[in-house]
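Next come the chains, spelled out residue by residue.
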Amino acid sequence: MNTIIDSMALVRGSQRPSRSLHALAATAGTLAVLAVAGLYAPAWLTYLVTIAAGNALVSLGIVTLMRGGVVSFGQGMFFAAGGYGAALLFTHVGWTDALALAISGGALAMLLALPFAPLLARYRGIFFATLTLALSMVAYGVLMKWPELGGSDGFTVGRPTLLGERLDGPAGSYRLFLLTMAFAAVIGFLARTYFASPAGLVTLAARDNELRVEYLGASVRRLIGANFLIAAFFGGVGGALVVLSLGHVEPAFSYWTTSGEFVFIAVLAGYRSVPAVFVASFLLEIVRSFSSAYFPNTWQLALGLFLLLVIRFLPQGIGSLWTREAR
């Protein structure tokens, strides 16, 4: 048995570099295509893709947790932490560089999650989901009652800069689009690499049988805690990028309906594919935009029907269309 396991490890080790290079080439090619397409696409479409990519980064954190068998219904807290962190650094500290603000938003969200990671790593199922939801709603209450943060109205954020140039007008919006796509590409590639790493595979094994993984010597609690911090970082970066695009931040970022939308995207995508998260987020934005435009009173019904159809015909998510494991 040990010989077979060692042989499988050698085969996987020999295949991993080629797979990583293939994934890197595919990521770079997709980024190049999006950069060229953004030059000719209408402004409303590039804005929609920018928001969808930022939301997808938040949902990618939920997918990271889903691979370990837990789902966070409080991802909006880290979405708000990244957004408010970037906005406060912009208005009070004087940081205007969009790249620095996005990374800082992720770091602040991870710092916020650090005290709760050991506690939440002990729970599974509905208890994990409920606790994360409770934390998100506590954050929402604090933001609503804090006048220095704008209270229930939030506050506006000016246009950021990138490498010393202010992102104004159509050219500035296109550069912000490129920056968001670059973050999506880099974080998506890193997430895929992590999912294929030993820690990522052990996390996936814990989803099926946590007890056996513990018997093999791995600490599932430690893995869940680490994934929770990774999800917080992804959520903070996504929140910062969305706020820089919107130019406004408000407590609704941490409300339970916002967290529900991120779970919606994660369910649509499934936990087997990273690109599926971005595809699902874009589809959600398209369905929501056109449904609210043509069916303003029943657009939630359209979203619900869309989710039901995906669950009925693709029970493992959109990613099951092209992942070998699902087949």
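Check the entry above for the structure.
Structural notes, computed from the coordinates. Nothing here was measured: the structure is a model prediction, and the numbers come from that model.

### As for the overall build of the protein
Summing up its helical and strand segments, the protein has 13 helices and four strands in all. Taking 20 Å as the expected radius of gyration for a compact globule of 327 residues, we find that the protein reaches 20 Å, a close match to that expectation. If one aligns the C-alpha atoms of the protein with their principal axes, the spans along those axes are about 60 × 45 × 45 Å. Residue burial in the protein is summarised as follows: out of 327 residues, 44% are buried. Residue pairs in contact within the protein that sit at least 24 positions apart in sequence constitute 79% of those at least 6 positions apart. Split by element, the accessible area of the protein, about 16,400 Å² in all, is 69% carbon and sulfur. Put simply, the protein has 20 plus and 13 minus side-chain charges, and the middle of one group is 11 Å from the middle of the other.

### A closer look at the side chain of Thr-180
Residue position: Thr-180 is located in helix α7 (residues 169–195). Among residues more than four places away in sequence, those in contact with Thr-180 are Thr-50, Ala-53, Gly-54 and Leu-241.

### Some remarks on the packing of helix α8 (residues 198–208) against helix α10 (residues 220–246)
With their axes 10 Å apart at the nearest point, α8 and α10 run at an angle of 110 degrees to one another. As far as their axial angle goes, α10 and α8 are roughly perpendicular. Between α8 and α10 lies a crossing of left-handed hand. Residues Ala-199, Val-202, Thr-203 and Ala-206 of α8 form the contact with α10, whose own contacting residues are Val-220, Leu-223 and Asn-227. Of the residues contributing to the contact of α8 with α10, the split by class is five nonpolar, two polar and no charged.

### Observations regarding the pattern of salt bridges
All told, the structure shown has five salt bridges when counted by the stated rule. Linking Asp-168 and Arg-166 is a salt bridge whose minimum nitrogen-to-oxygen distance equals 2.8 Å. A relative accessible area of 47% means that Arg-166 is categorised as partly exposed. A salt bridge links Arg-288 to Glu-285; its shortest N-O distance comes to 2.5 Å.

### Considerations on the packing of aromatic side chains
Scanning the entire structure with this criterion turns up eleven aromatic pairs. Relative to Phe-290, the ring of Trp-44 lies with its centre 6.4 Å away and its plane at 80 degrees, an arrangement referred to as edge-to-face. One end of the pair, Trp-44, is in helix α2 (residues 43–66); the other, Phe-290, is in helix α12 (residues 275–294), with 246 residues separating them in the sequence. Classification of Phe-290 by relative accessible area gives partly exposed; the value is 38%. By the ring-pair criterion, three or more aromatic residues cluster together here, those being Phe-78, Phe-128 and Phe-228. In this structure, Arg-67 packs its charged tip against the face of Phe-195, placed 4.3 Å from the ring centre. Directly above the ring of Tyr-271 sits Arg-207, whose terminal nitrogen or CZ lies 3.9 Å from the centroid.

Conventions used here
- Residues numbered from 1 in each chain as written.
- Predicted model: local features only at pLDDT ≥ 70, side-chain atom pairs only at ≥ 80, totals over all residues.
- Heavy atoms only, no water.
- Helix = DSSP H or I, 4+ residues; strand = E, 2+ residues; numbered from the N terminus.
- Rg over C-alpha atoms; globule rule 2.2 N^0.38 Å.
- Buried < 20%, exposed > 50% of the residue type's maximum accessible area, 1.4 Å probe, protein only.
- Contact = heavy atoms within 4.5 Å.
- Areas by Shrake-Rupley, 256 points an atom, 1.4 Å probe, with all protein chains shown as cover.
- Lys, Arg positive; Asp, Glu negative; His and termini not counted.
- Charge placed at Lys NZ, Arg CZ, Asp CG, Glu CD.
- Axes fitted to C-alpha atoms, helices over the stretch in contact; angles between N-to-C directions.
- Parallel < 35°, antiparallel > 145°, perpendicular 65-115°, else oblique.
- Left-handed = near helix turned anticlockwise from the far one by under 90°.
- Nonpolar A, V, L, I, M, F, W, Y, C, P; charged D, E, K, R; others polar.
- Salt bridge = Lys/Arg side-chain N within 4 Å of Asp/Glu carboxyl O.
- Phe/Tyr/Trp six-rings, centres within 6.5 Å; stacked < 30°, edge-to-face > 60°.
- Lys NZ or Arg CZ within 6 Å of the ring centre and 35° of its normal.

Geometric values such as these leave the question of function open.
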